[in-house]
Amino acid sequence: MAALCGAVAVEAICGGLGLSAADFAAARDAFLSRRAASGDRDLGAAVAGVVEIKRDGAGVPHIYAGSTKDLFFGLGFAMAEDRLWQMDRLRRRALGRQAEILGPGFVASDIAHLTVGIDRIAEADAAAMDGPTREIVAVFAAGINRFIEAGKLPIEFEILDYAPEPFTVRDIVAIGRGIWWSLNGRIDRIAAAECARFLPDEALRTLYLTPEASENVVLPWLGADAAALRPTGTDDATGSNNWALAPRRTGTGYPILCGDPHQPFWVPSSWYEFALHGPEDDAAGAGHPGLPGMWWGSNGTIAWGITNNAASTRDLYREEVDPDDPERYRDGAGWRTFDARTVTIPVRGEAARALTIRATVRGPVVNALVPPLAEEPGPPLSLRWVGAEHLDDMRAAIAVSRAKDWQGFRAALRDWAVAVFNFVYADRGGNIGYQMAGRLPVRGRITYGYREANEAADRWLGYVPFEELPHTFNPARGYVASANQRIVPADYRQPIYGAYSQGHRGVRIDEQFARQPVMDRDDNIRFQNDVKSSRAERMCPHILRRIAASADPDVAIVRAALEGWDFRYDLASAAPTIFETFLAIWQRTVLSEHLPARLLDLASQQTGLAMSLLEDDGLGYFPAGTSAMASAAAKQAVARLRERLGDDPAAWRWERVHTAHWRHPLSNAATGGAFDIGPAPVDGGSHTVRNTGGELPPHGANAGTEYRLVVDFAAPDKFLAVQNIGNSGVPGSKHYKDQFTPWLKGEYHTIPLAREAVNAACTVTTRIAPAPDR
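Worth saying up front: this structure is predicted, and the values here are computed from it rather than measured. (Residues numbered from 1 in each chain as written. Predicted model: local features only at pLDDT ≥ 70, side-chain atom pairs only at ≥ 80, totals over all residues. Heavy atoms only, no water.)

**Student:** Looking at this structure, how should I read the overall build of the protein?
**Tutor:** Along the protein, the regular secondary structure elements total 23 helices and 31 strands. Taken over the C-alpha atoms alone, the protein extends approximately 85 × 70 × 60 Å along its principal axes. Long-range pairs, those at least 24 residues apart, make up 71% of the contacts in the protein with a sequence separation of at least 6. With an accessible surface of roughly 26,700 Å², the protein has 51% of that area assigned to carbon and sulfur atoms. (Helix = DSSP H or I, 4+ residues; strand = E, 2+ residues; numbered from the N terminus. Contact = heavy atoms within 4.5 Å. Areas by Shrake-Rupley, 256 points an atom, 1.4 Å probe, with all protein chains shown as cover.)

**Student:** Is there a simple way to think about the packing of helix H16 (residues 534–547) against helix H18 (residues 575–592) in this case?
**Tutor:** The description of two helices packed together rests on the angle between their axes and the distance between the axes. Running from amino to carboxyl end, H16 crosses H18 at an angle of 70°, the nearest separation of the two axes being 12 Å. Judged by the inter-axis angle, H16 sits roughly perpendicular to H18. When the axes of H16 and H18 are compared, the crossing they make is left-handed. Residues Arg-535, Ala-536, Met-539, Cys-540 and Ile-543 of H16 form the contact with H18, whose own contacting residues are Phe-579, Glu-580, Phe-582 and Leu-583. Of the residues assigned to the contact of H16 with H18, the class counts are 7 nonpolar, no polar and 2 charged. (Axes fitted to C-alpha atoms, helices over the stretch in contact; angles between N-to-C directions. Parallel < 35°, antiparallel > 145°, perpendicular 65-115°, else oblique. Left-handed = near helix turned anticlockwise from the far one by under 90°. Nonpolar A, V, L, I, M, F, W, Y, C, P; charged D, E, K, R; others polar.)

**Student:** I would appreciate a short explanation of the packing of aromatic side chains in the present structure.
**Tutor:** As enumerated under the stated definition, the model contains 39 aromatic pairs in all. For the pair Phe-265 and Trp-743, a centre-to-centre distance of 5.8 Å together with 85° between the ring planes defines the contact as edge-to-face. Of this pair, Phe-265 sits in the loop between strand S6 (262–264) and strand S7 (272–277) while Trp-743 sits in helix H22 (residues 740–745), and the two are 478 residues apart along the sequence. The lysine or arginine in question, Arg-477, covers the ring of Tyr-479, its NZ or CZ lying 4.0 Å from the ring centre. (Phe/Tyr/Trp six-rings, centres within 6.5 Å; stacked < 30°, edge-to-face > 60°. Lys NZ or Arg CZ within 6 Å of the ring centre and 35° of its normal.)

**Student:** Help me understand the sheet that holds strand S17 (residues 381–385), please; the structure alone is not making it clear to me.
**Tutor:** Reading across from one edge, S17-S11-S21 is the order of the 3 strands in this open sheet, with mixed pairing throughout. The open sheet has two edge strands with one neighbour each: S17 and strand S21 (451–452). Bridging between strand S11 (residues 314–318) and S17 involves 5 bridges; their strand directions are antiparallel. Paired with Leu-316 across the bridge in S17 is Leu-383. Strands in contact with helix H9 (residues 169–184) are S11 and S17; relative to S17, the strand with the most contacts, it is inclined by about 115°. (Pairing = 2+ DSSP bridges.)

**Student:** Sorry if this is basic, but what is going on with the confidence of the model for the protein here?
**Tutor:** Any region with low pLDDT has predicted coordinates that should not be read closely. Mean pLDDT for the protein: 93, with 92% of residues reaching 70 or above. The low-confidence segment residues 1–15, where pLDDT is below 50, has 33 contacts with residues more than four positions distant or belonging to other chains. (pLDDT = per-residue confidence, 0-100.)

**Student:** I tried to follow the pattern of salt bridges on my own but got confused; where do I start?
**Tutor:** When their charged atoms lie close together, side chains carrying opposite charge are able to pair. With the rule as written, the count across this model stands at 60 salt bridges. Across the salt bridge formed by Lys-532 and Glu-511, the nearest N and O atoms sit 4.0 Å from each other. Of this pair, Lys-532 sits in the loop between helix H15 (521–528) and H16 while Glu-511 sits in helix H14 (residues 504–515), and the two are 21 residues apart along the sequence. We classify Lys-532 as buried; its relative accessible area is 17%. Residue Asp-523 is joined to Arg-526 by a salt bridge in which the shortest nitrogen-to-oxygen separation is 2.5 Å. Separated by 3 residues within a single helix, Asp-523 and Arg-526 lie in helix H15, roughly one turn from each other. Here the residues in one salt-bridge network are Asp-88, Arg-91, Arg-92, Arg-97, Glu-100, Glu-123, Glu-165, Arg-170 and Asp-171, joined through shared partners. (Salt bridge = Lys/Arg side-chain N within 4 Å of Asp/Glu carboxyl O. Buried < 20%, exposed > 50% of the residue type's maximum accessible area, 1.4 Å probe, protein only.)

**Student:** Could you clarify how one ought to interpret the sheet that holds strand S28 (residues 707–712) in this entry?
**Tutor:** Either a parallel or an antiparallel arrangement is found when strands of a sheet pair, and the pairing is made through backbone hydrogen bonds. Ordered in space as S24-S4-S5-S28-S29-S30, the 6 strands form an open sheet in which the pairing is antiparallel. Two strands close off the open sheet at either side, each with one partner strand: strand S24 (479–482) and strand S30 (749–752). Looking at each pair of strands side by side, their axes are set apart by 15° on average, direction ignored. Packing against the sheet, H14 makes contact with strand S4 (241–245) and S24, and its axis sits at approximately 20° to S4.

**Student:** Is there a simple way to think about H18 in this case?
**Tutor:** Taking 1.5 Å per residue as the helical rise, H18 with its 18 residues ought to reach 26 Å, and the 26 Å between its terminal C-alpha atoms agrees with that figure. Of all 18 residues that make up H18, 16 are buried, and the element is covered over most of its length. (Expected span 1.5 Å × (residues − 1).)

**Student:** Explanation requested: the nonpolar core in the structure shown.
**Tutor:** Inside soluble globular proteins, nonpolar side chains tend to come together where they are buried. Of all hydrophobic cores here, the largest spans 228 residues; its most connected members are Trp-180, Tyr-208, Trp-295, Phe-409, Phe-579, Phe-582 and Trp-586. A total of 14 residues in this core trace back to one element, the largest contributor, which is helix H3 (residues 68–95). Setting aside chain neighbours within four positions, we find Phe-579 in contact with Arg-535, Ala-536, Met-539, Cys-540, Ile-543, Leu-562, Trp-565 and Tyr-569. With 8 residues, the next largest nonpolar core counts Leu-114, Val-343, Val-347 and Ile-357 among its residues. (Core = buried A, V, L, I, M, F, W, Y, C linked by side-chain atoms within 4.5 Å.)

**Student:** I'm lost on helix H13 (residues 406–413) in this one. Help?
**Tutor:** Buried within H13 we find Trp-406, Phe-409, Arg-410, Ala-412 and Leu-413. Taken end-on, H13 shows its buried residues confined to a sector of 155°, consistent with a single buried face. On the buried face of H13, the contacting elements are strand S10 (302–308), helix H12 (393–400), strand S18 (421–427), strand S19 (432–437) and strand S23 (471–473). (Arc of directions from axis to C-beta.)

**Student:** Any chance you could explain the packing of H18 against helix H19 (residues 608–615) here in plain terms?
**Tutor:** It is the contact of H18 with H19, at a shortest axis distance of 9 Å, that shows an interaxial angle of 100°. Put simply, H18 runs roughly perpendicular to H19. Touching Phe-582, Leu-583, Trp-586, Gln-587 and Val-590 of H18 are Leu-609, Ala-610, Met-611, Leu-613 and Leu-614, all from H19. Per-class residue counts for the contact of H18 with H19 are 9 nonpolar, 1 polar and no charged.

**Student:** Explain unusual backbone geometry to me, please; I cannot follow it from the model alone.
**Tutor:** Glycine aside, negative phi is the norm for most residues, and most peptide bonds take the trans geometry. Of note, the bond from Gly-678 into Pro-679 is cis; its omega dihedral lies within 30 degrees of zero at 5°. Relative to the helices and strands, Pro-679 is located in strand S26 (residues 677–681). With an omega of 5°, the peptide bond running from Pro-697 to Pro-698 counts as cis. Inspection of the secondary structure puts Pro-698 in the loop between S26 and strand S27 (703–705).

**Student:** Looking at this model, I keep getting lost on the pairing of strand S29 (residues 718–723). Mind explaining?
**Tutor:** The side chains of a regular strand alternate between both faces of the sheet. Among the 6 residues in S29, 5 count as buried, and that is most of the element. When S28 meets S29, the two strands line up antiparallel, connected through 4 bridges. Residue pairing across strands places Tyr-707 opposite Gln-723, the latter belonging to S29. Connecting S28 to the next strand, S29, in antiparallel fashion are 5 residues. Here S29 runs beside S30; their pairing, made up of 4 bridges, is antiparallel. If you follow Phe-719 over to S30, its bridge partner there is Ile-751.

**Student:** I tried to follow the side chain of Ser-312 on my own but got confused; where do I start?
**Tutor:** Here Ser-312 is to be found in the loop between S10 and S11. If near-sequence neighbours (up to four positions away) are discounted, Ser-312 is found in contact with Leu-440, Pro-441, Arg-443, Tyr-497 and Gly-498.

**Student:** Looking at this structure, how should I read the side chain of Ser-550?
**Tutor:** Examined against the element boundaries, Ser-550 turns out to sit in the loop between H16 and helix H17 (553–563). Side-chain polar atoms of Ser-550 contact the backbone nitrogen of Asp-552, separated by 3.2 Å. (Polar contact = N/O pair within 3.5 Å; in protein donor to acceptor, adjacent residues only side chain to side chain.)

**Student:** Just to check I follow, could you spell out the environment of Pro-770 for this structure?
**Tutor:** Examined against the element boundaries, Pro-770 turns out to sit in strand S31 (residues 764–770). Taking the C-alpha atoms as reference, Pro-770 lies 12 Å from Glu-52; in sequence the two are 718 residues apart. With residues up to four places along the chain from it excluded, the contact list for Pro-770 reads Ala-45, Val-47, Ala-48, Gly-49 and Val-50.

**Student:** I keep staring at the environment of Gln-636 and nothing clicks. Help me out?
**Tutor:** Mapped onto the secondary structure, Gln-636 falls in helix H20 (residues 626–645). Linking Gln-636 and Pro-379, residues 257 residues apart in sequence, is a C-alpha distance of 39 Å.

In structure tokens:
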């Protein structure tokens, strides 16, 4: 720990927060003093029986209790021991209180979450929660609070000189709703879709709104023509993978399930590993810090994993303001007064901000949260979001890990509303399945940009029934898989559209399973770490054709790099660096032709048009011609790489730009930061199965796989997993970053499910017994 807290690190953490080196030293000393005692321990709490928290060699807590309430109390305690400051920050993010401790850089986040109204949504939803679920969430919060009472707070509280408030059911709901907003809110994508209006014709607008490789869908047999071109919304440029292989495809007679969620890389990471063993629960896996449910895992009988399904659960409505009274808006044939409330945002080191939030019957006015498309102010934009309704997401998340078969699994998912997810499933009996789960609104028409508040066709008419959501069980092809791409063909019986990612990872997955019909556990591990890009394989021939006639020596450098490339994002290769740099420049070149400069960043993820121009000779777009503009982009890419990496193209290796360097929220980028992870080069990219980000300049590993899971039912009493950092979020803990190197190498640790194996793997045990005065 002392090595983390040298003189340079003091300035890294304290600069900008108004803290001196002496303040930091005092915080460090107090933290180290508290953590001096380690090993097995016993303590009392308001539990009915003994709770055991047995930690294995990766720091994963395996929690045992004789009652469900005690079990979730233990989970709250264990999670707080590892992630308390992160959980408090997630609570503050959701409730709009980050600037209070972290300063003015977080005011924008506070404004966003307060405007959406997560504080009020959480209050109402906590009150409406069903009794059994509320009881579990309440004891989970009580476990967190028992750890706070124990006094061994993470160092961040010392540095920032504050103590966490006790957690409530409202707080747990708020954390969950904050996560759902980050996964399915993304209203910038609606604004990006609205940018299509700057393009001169409908054909170009359709290509702009169609993600790359959009012909690849999760369930192609649920429609007549999976390749039919239809806008499906905006490209989110992020993603996750999951798949399950039927027994005939594994060579063992049992299914294999794999999952790896992709997120912007956080410190601490977005996921938390744990195991629950009680009268109703007997499973292990990973979930989100601050929430009592498993999103990936196995209970020895079934296994499951998720990817984000970006089906649209929200709309932005243009409101009509009364020309005679700006405090009123039209609602049908009459006028209503805007609701308004004013909240105060405390800001560390500065004066508090006052924020007035207006709302209509549809929802809050959110103009401050989306970039304006015109230079002059536009009409008020109101938000309607499923996440503002009552949800039973906590109940569903708890029920999923208790299911024992496909019917029970689907029954649990009937309660799932937001975020919309792709669930894959496998069980010990040899079955596999896929279920899209979520509360998906039905509107009177499909559109991708703003809707009209008083247009009947833009109203919500109801929701897609659960039985009408795409699903399959034991499909003939012998596998199910999703990678954030489109779910169904355009002619599916229900309107399924949103912010789907490019289909390239889906193409690669389908290609692999077609090429290798039988894949055992080790084959699946290798494929989960695959770094071949189907996007590069598809686009390089078109790039080379476009720049073939250029005699420019700089363009020749691009040709030479791409002609012999195997499309793998290996660290020693310069081709990924050149390819990604060219495409980033090409994307802005295409958009700049018609979009204002102020909107280029907003529209940067809409790559379908730019790639189609490279592929299709029949598209007229540039007066100078597509080939001339592509050659100019290639020349510009070489100039940019020379400036950054030197004159020798052989030295433009992927390892020099694609590094994993993840910064703790209290670190300072200029000095490296005391609690940072990395830097270290990492292979893969944004569109490889081994997803490590890097699509946008400067092409660092900024988002991707934070957790990998491999469940082989040939050995149902254990599975393999790895995180990108470590299970502890406490700087100085041996589990703070002990999984970083295995993650880089594509290695895993074993998660046992049987008690005997857990005991053998256990390195430390915490026992929580009824308090003497109970």
